[in-house]
Protein chains: 2
Amino acid sequence: MAERVHAYHHGDLRTALVEEAAAMISEGGAASVTMRAIGSRLGVSRGAPYRHFPDKTALLVAVAVAGFKRLNRCLGSGDAEASSSSVERLRRMGEQYVRFALEHPAHYRLMYGKEALERQDQPELRKAAGALLENLVDVIRVHQQSSEIETADPRAQAYVAWSAVHGLASLLIERQIDPNVDVDDLIRQTTQTILDGMRGRSPD
Amino acid sequence: MAERVHAYHHGDLRTALVEEAAAMISEGGAASVTMRAIGSRLGVSRGAPYRHFPDKTALLVAVAVAGFKRLNRCLGSGDAEASSSSVERLRRMGEQYVRFALEHPAHYRLMYGKEALERQDQPELRKAAGALLENLVDVIRVHQQSSEIETADPRAQAYVAWSAVHGLASLLIERQIDPNVDVDDLIRQTTQTILDGMRGRSPD
DNA sequence: TGGAGAATGTTGACTGGGTCAACATACACC
DNA sequence: GGTGTATGTTGACCCAGTCAACATTCTCCA
């Protein structure tokens, strides 16, 4: 069922479609993904994908969901392998987040670009992105308990932190940031600013 | 030259195209913008737009540039009319930024979505976005001089601030944020966190 | 074992939409 | 008034999404 050398039936076309679409996105951007081209690359006809996805949007949503899962894994591992302070762990999460976006720019764009995925709410996508947020909220909550940062609504703080890293990632990907700027410095400065800002305000 | 009731020649089709495209984007998203539809809405044939823009991308770039100018105006006015403290002015700029995005979500998306505008660098777009950054840098510099915030590279701080508001705007537009969350609170908390973070870190 | 029905692929055809080339009209300016 | 340029129009072409009709293979049960 897994390996199929020559066949009228592909074996696991659905999975292959998602992987191939992701690869094409990485190579030539989302615009280069064509139902016809993707089929052809998999040695299958243009109509075949429609046996697994009702339309192109559905396929792209699946790709985006896969991206969120991958990103989640990156962040999770980064968080786990760090035995350092909780602040350090948060900083590292932020860095990994931005780095993921820089390594897979087109994929990242797709994940957040509801534009290409119009249509209603795409519950799967929402769930995948939600998992990301939940992880962040959990980490922030833990860090609040270690009283290293101000005790405030952890969800709101998570949104703020998410906004900062997502915004930075987005601006970098869209080349809105002067290429002479040191990206690593900028990432560090961003996470540092957020962490400082969360720690509570100095008296006016 | 301005008013033309009936005419083979439209009068100022170029301007009209940009405005109409912006309107269509607001109404139905960027996907609803079609060279044919836009021409039809202006009572002109499908080929007419090509006398003013080499292709659809060029038209969309013009729309995006117009968006940046409009956003710049919003922020500028917001900054000017505030006679309050410099911190307060920065905060207001952040709020106006996010509010602009929420009021013109599809247009905002287009401004930052190089996806739809593929192709090389679009110098006009770069310049329009650059103006935004310069304004922010200027304001931050002034505020540093009034010694209300830490003296650091104002450009880097501008990028951090821009990232935060852009990220928040983007997440809100893409509905990644729980609709039960109070948007105004979130905006305030984001700008506040950034301002606190810029103000310098409390000793560890 | 031999279908029957369900999955999965293939092909032809239609549509919408970007774009170009050839042609038409209007304007500007001499 | 005439000519060259700017601006519009129309016909045609191509790509890509998608559906319907048909083909092949698979699964599974009598």
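Scoring rules and cut-offs
- Residues numbered from 1 in each chain as written.
- Chains lettered and ligands numbered in written order.
- Predicted model: local features only at pLDDT ≥ 70, side-chain atom pairs only at ≥ 80, totals over all residues.
- Heavy atoms only, no water.
- Helix = DSSP H or I, 4+ residues; strand = E, 2+ residues; numbered from the N terminus.
- Contact = heavy atoms within 4.5 Å.
- Areas by Shrake-Rupley, 256 points an atom, 1.4 Å probe, with all protein chains shown as cover.
- Buried area = accessible area lost by both parts, 1.4 Å probe.
- Polar contact = N/O pair within 3.5 Å; in protein donor to acceptor, adjacent residues only side chain to side chain.
- Near = heavy atom within 4 Å.
- Nonpolar A, V, L, I, M, F, W, Y, C, P; charged D, E, K, R; others polar.
- Least-squares fit on C-alpha atoms with pLDDT ≥ 70 in both.
- Salt bridge = Lys/Arg side-chain N within 4 Å of Asp/Glu carboxyl O.
- Buried < 20%, exposed > 50% of the residue type's maximum accessible area, 1.4 Å probe, protein only.
- pLDDT = per-residue confidence, 0-100.
- Patch = residues over 30% accessible without salt bridge, like charges linked within 9 Å, V, L, I, M, F, W, Y side chains within 5 Å.
- Lys, Arg positive; Asp, Glu negative; His and termini not counted.
- Charge placed at Lys NZ, Arg CZ, Asp CG, Glu CD.
- Core = buried A, V, L, I, M, F, W, Y, C linked by side-chain atoms within 4.5 Å.
- Phe/Tyr/Trp six-rings, centres within 6.5 Å; stacked < 30°, edge-to-face > 60°.

1. Side note on the overall build of chain A
Logical step 1: Scanning chain A from N- to C-terminus turns up eight helices and zero strands.
Logical step 2: Tracing chain A from N to C terminus, the helices and strands come up as α-α-α-α-α-α-α-α.
Logical step 3: Restricting to contacts in chain A with at least 6 residues of sequence separation, those with at least 24 account for 64%.
Logical step 4: As presented, chain A carries roughly 10100 Å² of accessible surface, and 49% of it is formed by carbon and sulfur atoms.

2. A short note on the interface of chain B and chain A
Logical step 1: The interface of chain B with chain A comprises 44 residues on the first partner and 44 residues on the second.
Logical step 2: For the chain B and chain A pair, buried surface summed over both sides reaches about 3800 Å², with 56% attributable to carbon and sulfur atoms.
Logical step 3: Taken as a group, B:E115, B:Y159 and B:Q176 account for 16% of the area that chain B buries against chain A, more than any other trio of residues on that side.
Logical step 4: At the junction of chain B with chain A, the criterion picks out six residue pairs in polar contact (both at pLDDT 80 or more).
Logical step 5: Only α5 (105-112), α6 (123-145), α7 (154-173) and α8 (183-198) of chain B provide two or more residues apiece to the side of chain B that touches chain A.
Logical step 6: Counting residues per element, the side of chain B that touches chain A draws most heavily on α7(B), which supplies twelve residues.

3. Focus: the protein's contact with DNA strand D
Logical step 1: As a matter of local geometry, DNA strand D sits amid 23 residues, with A:R36, B:S45, B:R46, B:R51 and B:H52 nearest to it.
Logical step 2: Close to the protein, within 4 Å, the atoms of DNA strand D are drawn from sugar and phosphate at a rate of 52%.
Logical step 3: Interatomic distance of 3.3 Å between a side-chain N/O atom of A:R46 and a base oxygen of DNA strand D.
Logical step 4: Within the side chain of B:R51, an N or O atom sits 2.5 Å from a base oxygen of DNA strand D.
Logical step 5: Class assignment for the residues of the surface near DNA strand D results in eight nonpolar, seven polar and eight charged.

4. Here we look at the relation of the copies chain B and chain A
One copy of the chain maps onto the other through a rotation about an axis plus a displacement along that axis.
Logical step 1: Rotating chain B by 180° about the axis while translating it 0.0 Å along that axis superimposes it on chain A, leaving an RMSD of 0.0 Å. Expressed as a symmetry operation, the mapping of one chain copy onto the other fits a two-fold axis.
Logical step 2: When the interface residues of chain B are mapped onto chain A, 100% of them again fall at the interface, so both copies present the same face.

5. What about the pattern of salt bridges?
Logical step 1: Counted by the stated rule, this structure contains 16 salt bridges over all chains.
Logical step 2: Note that B:R141 and B:D138 form a salt bridge whose closest N and O atoms lie 3.7 Å from each other. In this pair, B:R141 and B:D138 are both assigned in helix α6, three residues apart and thus about one turn of the helix distant.
Logical step 3: On the basis of relative accessible area, B:R141 is assigned to the partly exposed category, the value being 38%.
Logical step 4: What emerges from the salt-bridge pattern is a single network uniting A:E20, A:E27 and A:R41.

6. Here we look at the protein's contact with DNA strand C
Logical step 1: As a matter of local geometry, DNA strand C sits amid 23 residues, with A:S45, A:R46, A:R51, A:H52 and B:R36 nearest to it.
Logical step 2: Among the atoms of DNA strand C lying within 4 Å of the protein, the sugar-phosphate backbone contributes 52%.
Logical step 3: Contact distances for DNA strand C include 2.7 Å between a phosphate oxygen and a side-chain N or O atom of A:H52.

7. Section: the environment of B:L132
Residues and elements named next belong to chain B.
Logical step 1: With respect to the element layout, L132 can be found in helix α6.
Logical step 2: Here L132 falls in the buried class, since its relative accessible area comes to 5%.
Logical step 3: Spatially, the C-alpha atoms of L132 and R73 are 9.5 Å apart, while their sequence positions differ by 59 residues.
Logical step 4: When sequence neighbours within four positions are dropped, the list of residues in contact with L132 reads F68, L71, N72, L75, Y97, Y112 and W162.

8. Concerning the confidence of the model for chain A
Logical step 1: For chain A, mean pLDDT is 88; residues scoring 70 or higher make up 86% of the total.
Logical step 2: Ranking the helices and strands of chain A by mean pLDDT puts helix α2 (residues 35-41) of chain A first, with 98, and helix α3 (residues 56-81) of chain A last, with 88.

9. Focus on the environment of B:G130
Residue and element names in this part refer to chain B.
Logical step 1: Along the chain, G130 turns up in helix α6.
Logical step 2: We classify G130 as partly exposed; its relative accessible area is 25%.
Logical step 3: Distance in space between the C-alpha atoms of G130 and F68 is 9.5 Å, their sequence separation being 62 residues.

10. Comments concerning a positive patch on the surface
Residues and elements named next belong to chain A.
Logical step 1: A contiguous patch of positive charge on the surface is contributed by K69, R70, R73 and K127.
Logical step 2: Among the elements that make up the positive patch, the one with the highest residue count is α3 (three residues).
Logical step 3: By secondary structure assignment, the location of R70 is in helix α3.

11. Let's talk about the side chain of A:H104
Logical step 1: On the secondary structure map, A:H104 appears in the loop between α4 (86-103) and α5 (105-112).
Logical step 2: Side chain to side chain, A:H104 and A:R70 meet in a polar contact 3.5 Å long.

12. A look at the nonpolar core
Logical step 1: Ranked by internal contacts, the top residues of the largest apolar core, which has 129 residues, are A:Y97, A:W162, B:Y97 and B:W162.
Logical step 2: Excluding residues within four positions of it along the chain, A:W162 makes contact with A:Y97, A:Y112, A:A129, A:L132, A:L133, A:L136, A:G167, B:L171 and B:Q176.

13. Concerning the packing of aromatic side chains
All names here are of chain A.
Logical step 1: This structure, assessed with the given rule, holds ten aromatic pairs over all chains.
Logical step 2: Seen in terms of ring centroids, F68 and Y112 are 5.3 Å apart; in terms of plane orientation they differ by 70°. Their pairing is edge-to-face. Taken together, the residues span a long stretch of sequence, with F68 in helix α3 and Y112 in helix α5 at a distance of 44 residues.
Logical step 3: Cluster of aromatic residues (ring-pair linked, three or more members): F68, Y97, Y108, Y112, Y159 and W162.

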